[in-house]
Amino acid sequence: MNIDAFAFDFQELNKEIKSSGQEELNIDNCMGQRYIGCGLSRGSLRIRGVPGNALGAYLNGADITVHGNAQDSVGDTMNEGKISIHGSCGDTPGYAMRGGKIFIRGNAGYRAGIHMKSYRDKCPVMVIGGSAGSFLGEYQAGGRIIVLGLGSDQPCPVGYFCGTGMHGGKIFLRCGQLPASLPDQVNAKLADDVDLQEIEEDIRQFCAEFDLDRETILDHPFHVLTPNTKNPYRQLYVHC
Amino acid sequence: MNKEGQIRIPSGCAISGIFSRSGSRFDGERIIKSISTMHDRSNGLGGGFAGYGIYPDYKDYYAFHIFYDSTAAKEECEKLLDRRFDIINLSKIPTRKTNRITDEPLIWRYFVTPLPTKLSESQLDEDEFTTRCVIHINTKVPGAYVFSSGKNMGVFKAVGFPEDVGYFYRLEDYEGHCWTAHGRYPTNTPGWWGGAHPFALRDFSIVHNGEISSYDTNRRYIEMFGYRCTLLTDTEVITYIVDFLLRKRGLTLEETAQVIAAPFWSTIEKKPPEEQEILTYLRNTFSSLLITGPFSVLLGFSGGIMALNDRLKLRSMVIGEKDDMVYLASEECAIRVIAPELDRFWSPKGGEPAIFTLNGGENHAD
């Protein structure tokens, strides 16, 4: 079923999606409507146009694909399911997500994966194909964030303050050089085979989603960042 | 009801701007369409627009837009204007009745130039003379409020949703090369006509989304230089800071951005030595003008527009470019709705100004 979103405001559009009872929906002509697919447990949405902020917030199992860019807070607090963005997205994708997967073909803005957490059997994953802005994985408490740096000309595809406040989970960066500065509370090392095994399936899915060559992506050094639990935080934001 | 300046409540907001680098002029309909796409970011308690290049026939005169609560306030203010300025033209600002905009004050426009005798007596330049007069009216004439005072530009604002404010002021009748817009969701103040954005002083206008935590530090400092913050809104103090740094201290736009959104010391340490020296100097010299807390602003000025985020980038800002046109907004949808195809689409980094000037113009507001 197709929905032309242009005439709808965000409430009407979400009501339309939820009341359609369809497993597969195409939403065309999106123009900034917020909360699309929020809390959705099943089915799939294919979106064209510009979906608004908090796309797939609290997503609970549905599958969302955006053929273009997305705005801020994609997958805010999502619990399960998958969001694929064929373009780039704004700030705070994966904000506090605790399950499911977000795949972004292009770049992500500031604070990607802020406060991502894992819970029991849940382990959220976010793969960013291009580069990420500053504060990647800020306060990360669990899950995996993977940044591939495809098409990036920077030696390391992240901005400032990567992993600030990180206290759980892992960040994988596909680059030969670490970020210019990392907090003392974060450990960084070149990823070995055991580390890479952990992201093998994520990369496979990412490549399948966007029709990319897996070998080319894996044939490159990765660094892995983990919190250093022996060095707890003190006065993080004082005198900076 | 308590007005702006009497009460402070702890903002979502929407901002948008359109700028033609070649200086080609277009009417206010596109900016209304852009800002209205972000309708849900505001709550009907304030909307406004600034247009640049809209008064070519009077481009050498300051255009004062004034709200009056009463005819008595108008008479008192006009007496004051008469003593200091040659009034070339005065009229009501044309508006259109709509039930979505109510309780309007009297809204008048004056094209003025300082009286030569008064100006030479004052030993001030005409910008300073005019600035002082605007501040004087806004603080000393009860019921009168100058909300726009630049040359060849004008601010149009009200309590209401921005699309209704644009309709109310008949913005389709004005053509400018640059427009900015604001949809307000006031969180610190109750929402009054004067407190809507843009906030302007002469040709500087600011639209702002955010919540400045350094407000009182900034206010105390800037008031030492004759500015008076009467509204308790963040935007007012930003406008004065911009006027102070650009006009009175002669800083460039980049330097101004490096003062108000100064990089962290840890970031400065990583810069090359010469740059470190400049950044350290600016941060130390103007430490009280560092603006902390989340903000995204568009600064309009004669000849250009600057977008700036706080250094942590706690508010969103995206920019689209197509041929000579530049689009700046809180959300991508507000750009795509008027310009679906773009040559370039990007987000400036926190604290890094994006500056666009008319072709051949310098990156300097003067």
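A. Local environment of the overall build of chain A. Within chain A, the secondary structure is distributed over three helices and eleven strands. Taken from N to C terminus, the helices and strands of chain A fall in the order β-α-β-β-β-β-β-β-β-β-β-α-α-β. In terms of overall dimensions, chain A is globule-like: its C-alpha atoms have a radius of gyration of 18 Å, near the 18 Å expected for 240 residues. Out of the 240 residues in chain A, the part that is buried amounts to 51%. Within chain A, residue pairs in contact and separated by at least 24 positions form 38% of the contacts whose partners lie at least 6 positions apart.

B. Seen up close, the sheet that holds strand β3 (residues 44-50) of chain A. Residues and elements named next belong to chain A. Taken in spatial order, the eleven strands line up as β1-β2-β3-β4-β5-β6-β7-β8-β9-β11-β10 in an open sheet, and their pairing is mixed. The sheet is open, and its two edges are formed by β1 (2-4) and β10 (186-190), each paired on a single side. On average, each strand axis in the sheet is tilted by 15° relative to the strand beside it, whichever way the strands run. One ladder, built from five bridges, connects strand β4 (residues 60-66) with strand β5 (residues 80-85); its direction is parallel. Each residue of the ladder has a partner; that of Thr 65, found in β5, is Ser 84. Against the sheet, helix α2 (residues 193-210) engages β5, β6 (101-104), β7 (125-128), β8 (141-147), β9 (168-173) and β11 (223-227), with an angle of about 60° to β8.

C. Up close: the environment of A:Ser20. Residues and elements named next belong to chain A. With respect to the secondary-structure elements, Ser 20 resides in helix α1 (residues 10-20). What makes Ser 20 partly exposed here is the crowd of 13 C-beta atoms within 10 Å. Expressed as a C-alpha distance, the spacing of Ser 20 and Asp 4, which sit 16 residues apart in the sequence, is 13 Å. Those residues in contact with Ser 20, other than ones at most four positions away along the chain, are Met 1 and Leu 25.

D. A look at the packing of helix α6 (residues 215-223) of chain B against helix α7 (residues 234-248) of chain B. Residues and elements named next belong to chain B. Relative orientation of the contacting elements α6 and α7 amounts to 45°, with a least axis distance of 10 Å. Compared by their axis directions, α6 and α7 come out oblique. Handedness of the crossing formed by α6 with α7: left-handed. Facing Tyr 215, Asn 218, Arg 219 and Ile 222 of α6, the residues of α7 in contact are Asp 234, Val 237, Tyr 240, Ile 241 and Phe 244. Looking at the contact of α6 with α7, its residues break down into six nonpolar, one polar and two charged.

E. Local environment of the sheet that holds strand β6 (residues 106-114) of chain B. All names here are of chain B. Pairing is antiparallel across the open sheet formed by four strands, whose spatial order is β5-β6-β4-β7. For this open sheet the edge positions go to β5 (85-92) and β7 (144-148), each flanked by a neighbour on one side alone. For this sheet, the mean inter-axis angle between neighbouring strands, taken without regard to orientation, is 30°. In this fold helix α2 (residues 71-84) packs onto β4 (62-68), β5, β6 and β7, with an angle of close to 10° to the strand it touches most, β6. Relative to the sheet, helix α4 (residues 126-140) contacts β4, β6 and β7, its axis offset from that of β7 by approximately 140°.

F. How the structure looks around the confidence of the model for chain B. Mean pLDDT over chain B works out to 92, with 93% of the residues at or above the 70 mark. Per the prediction output, this complex has pTM 0.94; the corresponding ipTM is 0.93.

G. Quick look at the pairing of β4(B). Residue and element names in this part refer to chain B. Across the seven residues that make up β4, a large majority, seven, are buried. Pairing analysis gives seven bridges linking β4 to β6, with the strands arranged antiparallel. Paired with Ala 63 across the bridge in β6 is Phe 111. Relative to β7, β4 runs antiparallel, the two being bridged by four bridges. The residue bridging His 65 from the neighbouring strand is Ser 148, located in β7.

Here is what the cut-offs are and how they apply
Residues numbered from 1 in each chain as written. Chains lettered and ligands numbered in written order. Predicted model: local features only at pLDDT ≥ 70, side-chain atom pairs only at ≥ 80, totals over all residues. Helix = DSSP H or I, 4+ residues; strand = E, 2+ residues; numbered from the N terminus. Rg over C-alpha atoms; globule rule 2.2 N^0.38 Å. Buried ≥ 20, exposed ≤ 12 C-beta atoms within 10 Å, placed from the backbone. Contact = placed C-beta atoms within 7 Å. Pairing = 2+ DSSP bridges. Axes fitted to C-alpha atoms, helices over the stretch in contact; angles between N-to-C directions. Parallel < 35°, antiparallel > 145°, perpendicular 65-115°, else oblique. Left-handed = near helix turned anticlockwise from the far one by under 90°. Nonpolar A, V, L, I, M, F, W, Y, C, P; charged D, E, K, R; others polar. pLDDT = per-residue confidence, 0-100.

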